[in-house]
Amino acid sequence: MTATDVVVVGAGFAGLAAARELTKQGYDVVVLEGRDRVGGRSYTGTVSGLPLDLGGTFVGPTQDAVLALAAELGCPTTPTYHHGKNLINWRGKVRSYSGTIPSLSLPSLLNIGRIRWQFARVARGISVSEPWTSTRATELDAITLEDWLRSKRASSSTLDLMAIMARVTWGAEPSQVSMLHALRYVKAAGGLDRMLDVTGGAQQDRFAAGTQQIAVKMAEQLNVVLGAKVSAIHHDDAGVSVTSTTGTVTARAAIVAIPPQHRAGIIFGPALPPEHQQLIRQWPQGSLSKAYAVYDTPFWRAAGCSGEALSDTGPVFITFDVSPDDGRGVLLGFVDAREFDGLPETERRQRALAGFAALFGDAALNPVDYLDFRWGTEPFAPGGPTAAVPPGSWTAVGAWVRRPVGRIFWAGTETADEWTGFLDGAVRSGLRAAGEAAEQLVTS
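Residues numbered from 1 in each chain as written. Predicted model: local features only at pLDDT ≥ 70, side-chain atom pairs only at ≥ 80, totals over all residues. Heavy atoms only, no water.

Even after reading the chapter, I still don't get the pattern of salt bridges, so can you show me in this structure?
A side chain with one charge may pair with a side chain of the opposite charge, provided their charged atoms come close. Under the definition given, this model contains 22 salt bridges. Notably, a salt bridge pairs Arg348 with Asp372, separated by 3.1 Å at the nearest N-O pair. Separated by 24 residues along the polypeptide, Arg348 in helix 12 (residues 345-360) and Asp372 in strand 21 (residues 369-374) bring together distant segments of the chain. Grouping residues by exposure puts Arg348 and Asp372 together as buried. Residue Arg402 pairs with Asp417 through a salt bridge whose shortest N-O separation is 2.8 Å. In this pair, Arg402 is assigned in the loop between helix 13 (393-397) and strand 22 (408-410) and Asp417 in the loop between strand 22 and helix 14 (423-443), connecting sequence segments 15 residues apart. Overall, Arg402 belongs to the partly exposed group, its relative accessible area being 22%. A relative accessible area of 25% places Asp417 in the partly exposed class. (Salt bridge = Lys/Arg side-chain N within 4 Å of Asp/Glu carboxyl O. Helix = DSSP H or I, 4+ residues; strand = E, 2+ residues; numbered from the N terminus. Buried < 20%, exposed > 50% of the residue type's maximum accessible area, 1.4 Å probe, protein only.)

Looking at this model, I keep getting lost on the environment of Ala142. Mind explaining?
If you trace the backbone, Ala142 turns up in the loop between helix 4 (137-141) and helix 5 (145-151). Judged by its relative accessible area of 56%, Ala142 is exposed. Placed 252 residues apart in sequence, Ala142 and Trp394 show a C-alpha to C-alpha distance of 9.7 Å.

Explain the packing of aromatic side chains here, please?
Both the distance between ring centres and the angle between the ring planes are used here to describe each pair of aromatic rings. Tallying each qualifying case throughout the model produces 15 aromatic pairs. Consider the rings of Trp300 and Phe360, whose centres lie 6.1 Å apart with planes at 45 degrees: the pair is tilted. With Trp300 in helix 11 (residues 299-302) and Phe360 in helix 12, the pair connects residues that are 60 residues apart, well separated along the chain. Phe360 carries the same exposure label as Trp300, and that label is buried. Consider the rings of Phe373 and Trp375, whose centres lie 4.9 Å apart with planes at 70 degrees: the pair is edge-to-face. Taking the relative accessible area as the measure of exposure, Phe373 reaches 13% and is therefore buried. Trp375 gets classed as buried once you look at its relative accessible area, which sits at 4%. Each member of the aromatic cluster is reached from another via a ring pair, and the members are Trp170, Tyr185, Trp419 and Phe422. Looking at Arg37, its charged tip hangs above the ring of Tyr43, at a distance of 4.0 Å from the centre. Taking the ring centre of Tyr81 as reference, the NZ or CZ of Arg301 above it sits at 3.7 Å. (Phe/Tyr/Trp six-rings, centres within 6.5 Å; stacked < 30°, edge-to-face > 60°. Lys NZ or Arg CZ within 6 Å of the ring centre and 35° of its normal.)

What should I look at first to understand the pairing of strand 2 (residues 6-9) in this one?
Every other side chain in a regular strand lies on the same face of the sheet, so the side chains alternate between the two faces. Burial along strand 2 is two-sided: Val6 and Val8 facing one way and Val7 and Val9 facing the other are all buried. For strand 2 and strand 3 (residues 29-32), the ladder comprises 4 bridges, and the chain directions are parallel. Bridged to Val9 within strand 3 is Leu32. A crossover connection joins strand 2 to the parallel strand 3 through helix 1 (residues 13-24); in handedness this β-α-β unit is right-handed. (Pairing = 2+ DSSP bridges. Right-handed = clockwise from strand over helix to strand, strands pointing away.)

Which parts of the structure should I look at to understand the packing of helix 2 (residues 64-73) against helix 9 (residues 212-220)?
Working note: a packed helix pair is described by the angle between its axes plus the distance between those axes. Their axes nearest at 10 Å, the elements helix 2 and helix 9 cross at an angle of 65 degrees. The crossing of helix 2 and helix 9 is left-handed. Where helix 2 abuts helix 9, its residues Leu69, Ala70 and Leu73 lie against Ile214, Lys217 and Met218. Across the contact of helix 2 with helix 9, the residue classes break down as 5 nonpolar, no polar and 1 charged. (Axes fitted to C-alpha atoms, helices over the stretch in contact; angles between N-to-C directions. Left-handed = near helix turned anticlockwise from the far one by under 90°. Contact = heavy atoms within 4.5 Å. Nonpolar A, V, L, I, M, F, W, Y, C, P; charged D, E, K, R; others polar.)

The following block contains the structure:
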């Protein structure tokens, strides 16, 4: 049995940031991680010797917490390539566009412009920190994003574009996500433009060596136990006892830094309040997959293409150029998990490359290497990129998403008020939970 001041469950960005902050303050901290690696939903794989992010990838302006952390740890960013024309494969035709939203036709442009304006107007009335207290909270939480879009007479093109946004943002369809959640999430990111753009937006930069290096460097400064799958947390007024596959850790406080859905894998004694139990059931993870293709050269650039593309034909629905500086080309494709994850490896490769080829030509069919990663099929802590919160959840149990239970505190990007769902939100949540735990330690 190990005794410590604080035990942290989860070695993702949130848990590691919390542990690092508490360690800086002089507390003894043990981090328990069920996987055989640190990073959580940040996972950098290797393809043809290149580090490529299979989870969280991009960073951008106002994501100050993760950028400051990366700078402190010596992890520089590199701009996401965006020069040239963007492409869209839409209704059987490939055409080019510039900016964030493709102008498919004048009527479609006017329709999506009106919908975006109405969305922003409604979002102004939403409280990010306490969305359930917003004036229209009950009304907006009772419907899905799709319900709202249809009520505002969104065109088929607008509906399909918003579906792409929902898939890459939550790993879910507009019909699965509460309108209140959509509004709150987008507002926490600074608006649709800030959330979706490359230049000046959340995809502006990336880490050439991958995002997981940040987690690895944090972990090197901490006491992290890998392969420690937590099964039980017992707590009382004196402290906590956390049982995992590697043993038991007793502490004066615990920070649980995992998504709400994954809290279901832990037995709490005494049991969590009913609202917390309901939260676990009503805060599911989305499901999103990624595919990478490596080429001898970024051949699409010779044709004046940026590598950014959208498609209404699956499984690849959005792409980016994440090529290194050594002359090779790399296409990243976000993939619709519904029609992709259950396929055998050879067919997944064939379909993903066909999706790239539909946008950039037959040269995309012949990469030097290929890799895909399906978060929804992970045996431990599956799903991502973040929670896809369904109707009714925010007004019913949203107030408990980060409310402490005795000496148990909650972190994770889902609990953040800024950049919820992003790496930056994870870091912010860890720092906030560390502050709460430190206050508890001081007063007890």
